[in-house]
Amino acid sequence: MLTLNNWTPPKEWLQIKTIDLHTGGEPLRVLYGGLPEIKGNNILEKRRFFRDNLDYIRTGTMFEPRGHADMYGALITEPFTKNADFGTFFIHNEGYSTMCGHAIIALTKLVFDTGMIQKSGDEPELTIDAPPGLIRSKAFRKDGVVEKVSFLNVPSFLLYKDETIYVDGIGDVTFDVAYGGAFYAFVDAYKLGIGLKEKDYNQLIDWGRRIKYAVMNKYEIKHPFEEDLSFLYGTIFTGKPQNPMHHSRNVCIFAEGEVDRSSTGSGVSARAALHHAKGELIAGKRITIESILGTTMDVMVSEETNYGPHKAVVPEVSGTAHLTGKNEFWFDPNDPLRKGFIFR
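Residues numbered from 1 in each chain as written. Predicted model: local features only at pLDDT ≥ 70, side-chain atom pairs only at ≥ 80, totals over all residues. Heavy atoms only, no water.

Undergrad: Account for the overall build of the chain, with residues named and values stated.
TA: In terms of helices and strands, the chain carries six helices and 18 strands. A compact globule built from 344 residues should have a C-alpha radius of gyration of about 20 Å, and the chain, at 20 Å, falls within 12% of that. Taking the principal axes of its C-alpha atoms as reference, the chain extends roughly 65 × 50 × 40 Å. For the chain, the proportion of its 344 residues judged to be buried stands at 53%. Counting contacts in the chain only where the partners sit at least 6 residues apart, residues at least 24 apart contribute 63% of the total. Placing the 39 positive and 44 negative side-chain charges of the chain at their respective mean positions leaves the two points 1 Å apart. (Helix = DSSP H or I, 4+ residues; strand = E, 2+ residues; numbered from the N terminus. Rg over C-alpha atoms; globule rule 2.2 N^0.38 Å. Buried < 20%, exposed > 50% of the residue type's maximum accessible area, 1.4 Å probe, protein only. Contact = heavy atoms within 4.5 Å. Lys, Arg positive; Asp, Glu negative; His and termini not counted. Charge placed at Lys NZ, Arg CZ, Asp CG, Glu CD.)

Undergrad: Explain helix α6 (residues 265-277) to me, using residue names and the numbers behind them.
TA: Taking 1.5 Å of rise per residue, 13 residues should cover 18 Å, and α6 covers 19 Å from first to last C-alpha, within 8% of that figure. Every buried residue belonging to α6 is among G265, S266, G267, V268, S269, A270, R271, A272, A273, L274 and H275, and all of these are buried. Immediately downstream of α6, the backbone of G279 shows phi near 75°, a positive value. (Expected span 1.5 Å × (residues − 1).)

Undergrad: Help me get a handle on the packing of helix α1 (residues 43-53) against helix α2 (residues 55-62), residues and values and all.
TA: The packing of two helices is summarised by the inter-axis angle and the distance between the axes. Between α1 and α2, the shortest axis-to-axis distance is 5 Å and the interhelical angle comes to 80°. Compared by their axis directions, α1 and α2 come out roughly perpendicular. Touching F50, R51 and N53 of α1 are D55, Y56, I57 and R58, all from α2. Here the contact of α1 with α2 is composed, by residue class, of three nonpolar, one polar and three charged. (Axes fitted to C-alpha atoms, helices over the stretch in contact; angles between N-to-C directions. Parallel < 35°, antiparallel > 145°, perpendicular 65-115°, else oblique. Nonpolar A, V, L, I, M, F, W, Y, C, P; charged D, E, K, R; others polar.)

Undergrad: Explain empty space enclosed by the protein to me, and be specific about the residues and the numbers.
TA: Under the counting rule described, the total for this entry stands at one cavity of 30 Å³ or more. One number sums up the size of the largest cavity: a volume of about 70 Å³. In terms of lining residues, the largest cavity is bounded by 14 residues, among which C100, Y184, D260, T264 and S266 are the most central. Listing elements by their share of the lining of the largest cavity, those giving two or more residues are α3 (101-113), β13 (248-254) and α6. (1 Å grid on protein atoms, 1.4 Å probe; cavity = no way out; pocket = protein on both sides within 12 Å on 5 of 7 lines; lining within 4 Å. Points joined across faces, edges and corners; volume = space filled by probe spheres on them.)

Undergrad: Lay out the state of the cysteines in plain terms, naming residues and giving numbers.
TA: Per the counting criterion, the structure on display carries zero disulfides. Cysteine C100 remains unbridged, with the sulfur of C252 as its closest cysteine sulfur at 9.6 Å. Using a relative accessible area of 5% as the deciding quantity, one classes C100 as buried. (Disulfide = S-S within 2.5 Å.)

Undergrad: Describe the layout of surface pockets, and please don't skip the residues or the numbers.
TA: Each pocket or cavity is described by its volume, and for the largest pocket that value is around 480 Å³. Residue lining of the largest pocket: 22 residues in total, with V187, D188, K191, T238 and H275 positioned closest to the centre. When residues of the lining of the largest pocket are traced back to their parent elements, those giving at least two are β10 (171-179), β11 (183-188), α4 (189-192), β12 (232-239) and α6. The element best represented in the lining of the largest pocket is β10, accounting for five residues. Along the lines of polarity and charge, the residues of the lining of the largest pocket split into seven nonpolar, six polar and nine charged. Lining the second largest pocket are 14 residues; nearest its centre among them are E125, R136, S137, K138 and S150. Elements that contribute at least two residues to the lining of the second largest pocket include exactly β6 (125-130), β7 (133-142), β8 (145-152) and β17 (310-319). For the lining of the second largest pocket, a count of residues per class yields four nonpolar, four polar and six charged.

Right, dumping it as structure tokens:
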């Protein structure tokens, strides 16, 4: 058998250590070692510093040849809020998202199953510093292994209700915009005549992008407190579930045409706010929402609240994650493609 004979990369090569997971099929690559100093006095400042000075690490780990057009990532940082366990922010093919529910689920699985954070009991809890604010998650363990994770998201609310816009190549589209840590435009797939299965993947990307940019060009998307969070992240197509025991199906097209393989944690949070505002979901009722793969997340309205000028809810989201691998990625300074490339 061939061996490396103790070969190691030259010291001048950047060496980034990651652990990979998936939540309901949606990948998460967690960057945890080998990173340069990321300056900032809070999570948004750190995210801004990384974006302005270290973005080649995002592209190098998300894009080909180390990643792919639908890769998703998170960085672990020190916390800034008192009693928080750690901080995080999120990266993808377009840049930086404000909130990621599938990542919160996977990160909770990661830190407990690998022993990064030690806490006793079968239902240990975390407080996580994230771009939209503090996220509280809970792991459900059996024999020391996390089998399920739930988290309380940030206050979520309906921003636009039953608006209609003309979209080139599609026609008139009726939509809602809701916030669940990120802003999404929600459209009924049945009314548009589009499917929500794997075979519909390319059309969903095309139409999702068209709808997103049409809404962005006409409507103001404004977070009540943070300008960095004031943008439309994606389009979510909703429709009937394949499993009649489930509430519905979600297919989220986000960033630059990425397709979420999971039900989308921030997306189902926004849906809870949307349905509650329309009188379709009472507090305390849990619903199960499918992804394009048929994997699921559960969501319910945990409490009602106010968030700036908006009537809002605090959603509780539940899902499962799995560890898939550990990597050390090398950045050869003489490699002309070290920063990665992408086809979309």
